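One letter stands for each residue in the lines below.
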Amino acid sequence: MALNSINTNAGALIALQNLNLTSSELSTVQQRISTGKKIGSAKDNGAIWATAKNQSATARSINAVKDSLQRGQSTIDVALAAGDTITDLLGKMKEKALAASDTSLNTASFSALKADR
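Rules behind the numbers
- Residues take numbers from 1 onward in each chain, read along the sequence in its written order.
- With pLDDT at 70 or above as the cut-off, local features in this predicted model cover only qualifying residues; side-chain atom pairs require 80 or more to be listed or tallied, and sums for whole chains, interfaces and linings still use all residues.
- Heavy atoms from the whole structure form the basis of all side-chain values; hydrogens and water molecules are not counted.
- By the criteria applied, helices consist of DSSP H or I runs no shorter than four residues and strands consist of E runs no shorter than two, each listed in order from the N terminus.
- The globule rule used for comparison is 2.2 Å times the number of residues to the exponent 0.38, while the radius of gyration itself is calculated over C-alpha atoms.
- Only protein chains enter the calculation, and the probe is 1.4 Å; a residue is then buried if its accessible area is under 20% of its type maximum, exposed if over 50%, and partly exposed in between.
- Note that accessible areas follow from Shrake-Rupley with a 1.4 Å probe, and for residues the cover is restricted to the protein chains shown.
- His is not counted here, nor are the chain ends, while Lys and Arg score as positive and Asp and Glu score as negative.
- By convention, the point assigned to a charge is CZ for Arg, NZ for Lys, CD for Glu and CG for Asp.
- Only residues whose relative accessible area exceeds 30% and that form no salt bridge enter a patch; like-charged residues are grouped when within 9 Å of one another, and nonpolar side chains (Val, Leu, Ile, Met, Phe, Trp, Tyr) when within 5 Å.
- Whenever Lys or Arg places a side-chain nitrogen within 4 Å of a carboxyl oxygen from Asp or Glu, that contact is recorded as a salt bridge.
- The predictor rates its confidence in each residue with pLDDT, a number between 0 and 100.

### Quick word on the overall build of the chain
Here comes step 1: Per the secondary structure count, the chain includes 3 helices and 0 strands.
Here comes step 2: Along its sequence from the N terminus, the chain presents helices and strands in the succession α-α-α.
Here comes step 3: A globule of 117 residues ought to have a C-alpha radius of gyration of about 13 Å, yet the chain, at 39 Å, is considerably larger.
Here comes step 4: Its C-alpha atoms put the chain at 135 × 30 × 10 Å along the principal axes.
Here comes step 5: In the chain, which comprises 117 residues, the proportion classed as buried is 1%.
Here comes step 6: Carbon and sulfur atoms make up 60% of the accessible area of the chain, which totals about 10000 Å².
Here comes step 7: In the chain, the 13 positive side-chain charges and the 9 negative ones have mean positions that sit 11 Å from each other.

As structure tokens, then:
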């Protein structure tokens, strides 16, 4: 009776190699899925990883600039709204000043204009 050992069984060795290869590929795919990136670390491909890090930093910088511009735009929108309000108030004040300068107004009408705010 011949003794078969896993160390000398060619079929078992090939199966073990395939299992190890599949396990390695599965690990790579799981890392890509978990990070969302093809190159998860410098160990995978240093040049591409460095380029990706540089691009990520550039994207974060652009987002910071965009946020600052949006804050500036909001400030300008508030200032424009305030300017419109002031313009409306000045128009109303002009109307009241012109109405009050009418010499044909009696005292009660003038007092009513004065009391109107």
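Moving on from the coordinates now.
### With respect to a nonpolar patch on the surface
Here comes step 1: A cluster of nonpolar side chains, contributed by Ile-86, Leu-90 and Met-93, occupies part of the molecular surface with about 330 Å² of accessible area.
Here comes step 2: For Ile-86, the position within the fold is in helix H2 (residues 46–100).

### Examining the confidence of the model for the chain
Here comes step 1: Looking at the chain as a whole, the pLDDT averages 85, with 92% of positions reaching at least 70.
Here comes step 2: Taken element by element, the predicted model of the chain shows its lowest mean pLDDT in helix H3 (residues 107–115) (79) and its highest in H2 (93).

### Quick notes on the environment of Ala-112
Here comes step 1: Tracing the backbone through its elements, the reader meets Ala-112 in helix H3.
Here comes step 2: Considering only alpha carbons, one finds Ala-112 and Ile-33, 79 residues apart in sequence, at a separation of 75 Å.

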